[in-house]
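Single-letter residue listing:
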Amino acid sequence: MSSPLLTAQQIVKNFGGLTAVANVSVHFDQNELIGLIGPNGAGKTTLFNLLTGVTPVTSGAISLYTDQGVQSLNGKRPAEIAQAGLSRTFQNIRLFKELSVLDNVRIAMTNHYHEGFLASIFRIPKFYRTEADMTLAAQKLLAIFDLTSVADQPAKNLPYGIQRRLEIVRALATKPKLLFLDEPAAGMNPEETADLTRLIRQVQRDFHITIVLIEHDMSLVMNVVERLYVLEHGALLAEGTPNEIQHNPAVIKAYLGGEA
Amino acid sequence: MRANFKYNFSWLAVMVIGFVAIDACEFLGIINAFIENMLVTIGINIILATGLNLIIGFSGQFSLGHAGFMAIGAYATGIMTQTIATPLGFYLSMVVGIVIAMIAALIVGIPTLRLRGDYLAIATMGAAEIIRILINNLKITNGAAGLFNIPPLVTWATVYVLMCLTTIVTVNFIHSRNGRAIMSVREDEIAAEAMGINPTRWKLAAFVFGAGTAAIGGSLHAAYIQTIAPGDFNIMASIAILIIVVLGGVGSITGTFVAAIVLGALDTILQNFGTLRMIIYSLALILIMIFKPSGLLGNWELSFKHLGTHQRKEQSIHE
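Residues numbered from 1 in each chain as written. Chains lettered and ligands numbered in written order. Predicted model: local features only at pLDDT ≥ 70, side-chain atom pairs only at ≥ 80, totals over all residues.

A.B. asks: Whenever I open this one, the overall build of chain B confuses me. Can you help?
C.D. replies: Each helix and strand counted, chain B has 13 helices and zero strands in total. Moving toward the C terminus, one meets the helices and strands of chain B in the order α-α-α-α-α-α-α-α-α-α-α-α-α. For chain B, the C-alpha radius of gyration of 20 Å lies close to 20 Å, the compact-globule estimate for 319 residues. Residues counted as buried form 45% of the 319 residues belonging to chain B. The contacts in chain B between residues at least 6 apart in sequence include a share of 80% that link residues at least 24 apart. (Helix = DSSP H or I, 4+ residues; strand = E, 2+ residues; numbered from the N terminus. Rg over C-alpha atoms; globule rule 2.2 N^0.38 Å. Buried ≥ 20, exposed ≤ 12 C-beta atoms within 10 Å, placed from the backbone. Contact = placed C-beta atoms within 7 Å.)

Here it is in structure tokens:
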């Protein structure tokens, strides 16, 4: 078994009287591609929000394994968690709409460059050097994902499928160790979904990162992931390889309503 | 690097030409004391409105307390230059004003920048009122009577140079890693946070920066007008700066310049109309807002870089 990257132990989230996530334990390993599936309202996005700090957990422990040892992510702000190496995309695309594609990517690199406040307002050569480095890095990333031609466009002008792709590129620009993709294929046609499948494989191969994918499109999930978690009513229903999950009676019951 | 040099040089040329033009008019007697007063007011308003545009247009925080920070700068200069009545004393007082205004902005900003929209507007308005009432009741500020006989240490040239400097610094701040982080918080706070950007920190940076420039405007105001009173920095003063920002276009520094000049000129011309002045002025505002709701220039910016690339594209087509 490969070494773990992120573990969540018995995490619980209550919204008032409603338990959205109940006693879920998951582990994501280095360089793994994991799927997270479940019916609507199963708590998938809530789990993402808990792991990325958008909503605090009611109880349970989230730990990140780094070169410096184990780091607890409990009670950390989303920005700190992002800086620790967890990045994400959103179910309902959240790009910086009025800003250019290039700026969207450069913003994600904010924490990797420090030219200093005085350098930036007085434009000493160091500022131009940092800016040039940053732009070059962003352009390289855009080139890999075929977005060079739209680099100067405002993000809101892009077609839907390209916006999804840009969101993934933006998340990668933060240099994550772990990337959460929240329904990347939502609203895409079969052709776009096929492109996305290739893209996800390419990202995992070229960037050597762990990817966790929430998805309803079974063709996409079963094609790319190595391991799956199934959630239902906020609890973990099953875990296994795509093949195991496809033949798991409990999962079939949850999805098809007990016919099988 | 050479492109940057050319670009910066074009802006420098514009500023020098502007200076020489005003200087020549002054020499030829075209500009009398009345018009000079108008030009200085426009210059100070540009400094104030540029800082407010950074807060409202670029960081997306609606502040109604800009006059409070202006008051801090004005009183720092008013008090200090009475003991050190030299140009050096003026610049020293300006720096002190900037520092105090920035500290005040930090104290105000940390609790209030969590609020959004209308709530933040009311909170910042309250903060400016607190500053005004403090000034009104302190001995060192001479209470409600205010300060007079402040040494005239500022000429139109000082205002012009400081206007250029604050604009350069503000625009440089916006067009940098810092400015992009600030705009990302305006665009989508949740997404910005997920990219590792601490929203409170960057909103605070814009707010404190804006407060610092407001203090510069206040210092110049005190040293040029020579009399200041707490009443000069009430809510109406904040709104007057806000009008310039909204009229010029929220998120356009070029628009702020245009609006400050248009309103300054309008204000001067309308002085011949007596009581009708405020009615015509208000009517002009209403008409502009009806026909151009995004402000005179929207978020358009004058840029030599874009002009340059445009020409180059055209050239390559012709070749």
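On we go.
A.B. asks: Mind showing me how you'd approach the confidence of the model for chain B here?
C.D. replies: Looking at chain B as a whole, the pLDDT averages 89, with 95% of positions reaching at least 70. Low pLDDT (under 50) marks residues 310–319 of chain B, which in the prediction has zero contacts with non-local residues, meaning those over four places away or in another chain. (pLDDT = per-residue confidence, 0-100.)

A.B. asks: Help me out: how do you make sense of the sheet that holds strand β2 (residues 18–29) of chain A in this one?
C.D. replies: Where strands meet in a sheet, backbone hydrogen bonds hold them as pairs that are either parallel or antiparallel. All names here are of chain A. With antiparallel pairing, the four strands of this open sheet are ordered in space as β2-β1-β4-β5. The open sheet has two edge strands, β2 and β5 (69–72), and neither has a second partner. When strand polarity is set aside, the average angle formed by the axes of neighbouring strands in this sheet is 20°. With five bridges connecting them, strand β1 (residues 4–15) and strand β4 (residues 59–66) associate as antiparallel partners. What sits directly across from Thr 7, in β4, is Ser 63. In the packing of helix α1 (residues 44–51) onto the sheet, contacts are made with β1, β2 and β4, and the angle to β2 comes to roughly 65°. (Pairing = 2+ DSSP bridges. Axes fitted to C-alpha atoms, helices over the stretch in contact; angles between N-to-C directions.)

A.B. asks: Hey, could you run me through the environment of Met 218 of chain A in this one?
C.D. replies: Here Met 218 of chain A lies in helix α8 (residues 218–224). When the C-alpha atoms of Met 218 of chain A and Ile 37 of chain A are compared, they prove to be 8.9 Å apart, with 181 residues separating the residues in sequence.

A.B. asks: When you look at the pairing of β5 of chain A in this model, what are you seeing that I'm missing?
C.D. replies: Where a strand is regular, its side chains alternate between the two sheet faces. Residue and element names in this part refer to chain A. Sheet topology note: the β4/β5 ladder contains four bridges and is antiparallel. What sits directly across from Ser 63, in β5, is Ser 72. Taking the residues between adjacent antiparallel strands as the criterion, β4 and β5 are bridged by two residues.

A.B. asks: Explanation requested: helix α12 (residues 276–291) of chain B in the structure shown.
C.D. replies: Residues spaced three or four apart along an α-helix point in a common direction, a consequence of the helix completing one turn every 3.6 residues. With 16 residues, α12 of chain B extends 23 Å from end C-alpha to end C-alpha; this agrees with the ideal 22 Å at 1.5 Å per step. Little of α12 of chain B is tucked away, with zero of its 16 residues classed as buried. (Expected span 1.5 Å × (residues − 1).)

A.B. asks: Honestly, the interface of chain A and chain B in this entry has me stumped. Any pointers?
C.D. replies: Buried accessible area, meaning the area lost when the parts come together, often serves as the stated size of an interface. Taken together, the 31 residues of chain A in the interface contact 22 residues of chain B. Considering only residue class, the side of chain A that touches chain B consists of 15 nonpolar, seven polar and nine charged. (Nonpolar A, V, L, I, M, F, W, Y, C, P; charged D, E, K, R; others polar.)

A.B. asks: I tried to follow the sheet that holds strand β9 (residues 227–232) of chain A on my own but got confused; where do I start?
C.D. replies: All names here are of chain A. Sheet architecture is open: six strands sit in the order β6-β7-β8-β3-β9-β10, paired in mixed fashion. Each having just a single partner strand, β6 (86–88) and β10 (235–240) make up the two edges of the open sheet. Across the sheet, the mean angle separating the axes of adjacent strands is 20° when strand polarity is ignored. With five bridges connecting them, β9 and β10 associate as antiparallel partners. Across the sheet, residue Leu 228 finds its bridge partner in β10, namely Gly 240.

A.B. asks: Honestly, unusual backbone geometry in this entry has me stumped. Any pointers?
C.D. replies: Generally, phi is negative for residues other than glycine and the peptide bonds are trans, each holding for most cases. Residues and elements named next belong to chain B. Of note in this structure, Asn 142 is not a glycine but carries a positive phi near 60°. Among the structural elements, Asn 142 can be located in the loop between α5 (117–137) and α6 (156–174). The exposure class of Asn 142 is partly exposed, given the 18 C-beta atoms found within 10 Å. Notably, Gln 226 is not glycine yet its phi reads approximately 75°, a positive angle. Residue position: Gln 226 is located in the loop between α9 (199–225) and α10 (235–248).

A.B. asks: I'm lost on the confidence of the model for chain A in this one. Help?
C.D. replies: Atom-level detail of predicted coordinates should not be read off regions where pLDDT is low. Mean pLDDT over chain A works out to 90, with 98% of the residues at or above the 70 mark. Helix α10 (residues 249–256) of chain A is the least confidently modelled element of chain A, averaging 81 in pLDDT, while helix α3 (residues 101–108) of chain A averages 96, the highest of any element.

A.B. asks: Can you walk me through helix α4 (residues 87–112) of chain B in this structure?
C.D. replies: Residue and element names in this part refer to chain B. The end-to-end C-alpha separation of α4 is 37 Å, in line with the 38 Å expected for 26 residues at 1.5 Å each. All buried positions along α4 are accounted for by Phe 90, Ser 93, Met 94, Gly 97, Ile 98, Ala 101, Met 102, Ala 104, Ala 105, Val 108, Gly 109 and Thr 112. Structurally, α4 contributes buried residues whose contacts are with α3 (66–83), α5 and α9.

A.B. asks: Explain the environment of Tyr 255 of chain A here, please?
C.D. replies: As for its placement among the helices and strands, Tyr 255 of chain A is situated in helix α10. Sequence spacing of Tyr 255 of chain A and Ala 186 of chain A is 69 residues, and the spatial spacing of their C-alpha atoms is 18 Å.

A.B. asks: What is the right way to read the packing of α3 of chain A against helix α6 (residues 160–173) of chain A from this model?
C.D. replies: A pair of packed helices is captured by two measures, namely the crossing angle of their axes and the spacing between those axes. Residue and element names in this part refer to chain A. Where α3 meets α6, the closest approach of the two axes is 7 Å, and the angle between their N-to-C directions is 30°. In terms of orientation, α3 and α6 fall into the roughly parallel class. When you trace α3 past α6, the crossing you get is right-handed. Residue-level contacts link Val 101, Asn 104, Val 105 and Ala 108 of α3 to Leu 166, Val 169, Arg 170 and Ala 173 of α6. For the contact of α3 with α6, the class distribution of residues is six nonpolar, one polar and one charged. (Parallel < 35°, antiparallel > 145°, perpendicular 65-115°, else oblique. Left-handed = near helix turned anticlockwise from the far one by under 90°.)

A.B. asks: What's the story with the packing of α4 of chain B against α5 of chain B in this structure? I'm lost.
C.D. replies: Residue and element names in this part refer to chain B. Contact geometry for α4 and α5: axes closest at 11 Å, N-to-C directions at 150°. With respect to α5, the axis of α4 lies roughly antiparallel. As for how α4 packs across α5, the hand of that crossing is right-handed. Taken together, the residues of α5 that come into contact with α4 (itself represented by Ala 104, Val 108 and Thr 112) are Leu 120, Ala 123, Thr 124, Ala 127 and Ile 131. Here the residues of the contact of α4 with α5 sort into six nonpolar, two polar and no charged.

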